[in-house]
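Analysis of the macromolecular model
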Amino acid sequence: MAAAATLGRGEPGVPQLAGGAAPFPAGLAGSRAARANWPSAGSRSRRRGGGSAHASPKYPPKRPSSCCRLASLDGHRSPVQSVRFSPDGQTLATSSYIDRTTRLWSVRTHRQLASFSSVVSWMDFSPDGRIFVTGGREYSSVQLWNALTHRHLGTLDGPTGMVSSVAFSPDGRTLATAGWDGKLRLWDVQHRRLTATLAGHTGVAQSVAFTPDGKTLASSGRDATARLWDVRTHRHLATLSGHTGTVWSAVASPDGKNLATTGDDRTVRLWDLQTHQQLAILTGHTGVLRSALFAPDGNTLTTSSDDGTVRLWDTDAFNDLATLTNKACTIAGRSLTEREWRRYVPDGVAHHRICP
């Protein structure tokens, strides 16, 4: 995909990787353990509100032949803070905690299907699309709904307090919640029963996410950490430290190998979920990063920020050694010396001149 032009410390096309900060090959900077899923020469940046996209000359962005608004879904009386598609893509959920409603819409007909009255700051569909959960601004506020009939199924009662976010396990049987008390809670969805409480964050727990296999739970918090937990044993596996402020989101890649975190420090950080090592630091946003999302194939990471931009990052640029050597010249601008090669390139790649 197109490589970006706004990464690095004010320099176009210069991402910063974990483990080092050499002034020349910043695009390759990092520990020698850093291997797959490094960024390419940058990211595409799209400014919300109609701004243009920027990309390097070598990889010009593909522009659609025409652009038009497909539909306007009218109903909310105040600004909408969150939107989410159902797993089958047939339903769109929108919420506004200002007008205190969450609404479901038909993607095909653009017709409103249902409206729920509650102070909602987050929502989610179960993996099979049958259950819809809402909540966030009230105590004991996790509400379960039948996504097809729109019937209220119940409330997750217990010491939930304020809830920052929720996540369904891949099989839909477990719901994880992140609480303002710093604790994570696991719930049996069918029986609406609390099964475990995970304590570790020293500040508000901000987000939760399961790995694709459902074995690991990732959480992030206002204590500047992300944490990993064993879902079966409820054991704390690791604390991922590096961010210098609130970590607003943590999301696993579709193959379950990497975790992306975003934070107050305006960085995106990539982590190896097996070794718990930091792989890369992606810079370029000029405001707090609120969220990240991997594309289904895992090759693209999308991030949103208070700077008014949404950025697309090519996480597949260094997914194999051939890609590494082919694109190192584009990133560095010249061939690396043997010393630089040993410092910045992963083990197992013999040094050779790769630039013309």
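Just above sits the structure.
A quick note: this is a predicted structure, and the numbers were derived from the prediction, not measured.

**Examining the overall build of the chain**
Along its length, the chain carries 2 helices and 26 strands. As displayed, the chain has an accessible area near 16900 Å², and 49% of this comes from carbon and sulfur atoms.

**A closer look at unusual backbone geometry**
Phi is positive for His234, which is not a glycine, with a value near 70 degrees. Within the secondary structure, His234 sits in the loop between strand E18 (225-230) and strand E19 (236-241). The partly exposed category is assigned to His234, whose relative accessible area is 32%. With a phi close to 70 degrees, Arg266 is a non-glycine residue in the positive phi region. Tracing the backbone through its elements, the reader meets Arg266 in the loop between strand E21 (258-263) and strand E22 (268-272).

**Details of the nonpolar core**
Generally speaking, soluble globular proteins have nonpolar side chains that are buried together. In terms of nonpolar packing, the biggest core is built from 13 residues, with Ala176, Leu184, Leu186, Val208, Phe210 and Leu217 touching the most fellow members. Elements represented by at least two residues in this core include exactly strand E13 (174-179), strand E14 (183-188), strand E15 (193-199) and strand E16 (205-210). In this structure Phe210 touches Ala167, Phe168, Ser169, Pro170, Thr174, Ala176, Leu186, Thr216, Leu217, Val231 and Ala252, once residues within four positions along its chain are discounted.

Rules used in this analysis
Residues numbered from 1 in each chain as written. Predicted model: local features only at pLDDT ≥ 70, side-chain atom pairs only at ≥ 80, totals over all residues. Heavy atoms only, no water. Helix = DSSP H or I, 4+ residues; strand = E, 2+ residues; numbered from the N terminus. Areas by Shrake-Rupley, 256 points an atom, 1.4 Å probe, with all protein chains shown as cover. Buried < 20%, exposed > 50% of the residue type's maximum accessible area, 1.4 Å probe, protein only. Core = buried A, V, L, I, M, F, W, Y, C linked by side-chain atoms within 4.5 Å. Contact = heavy atoms within 4.5 Å.

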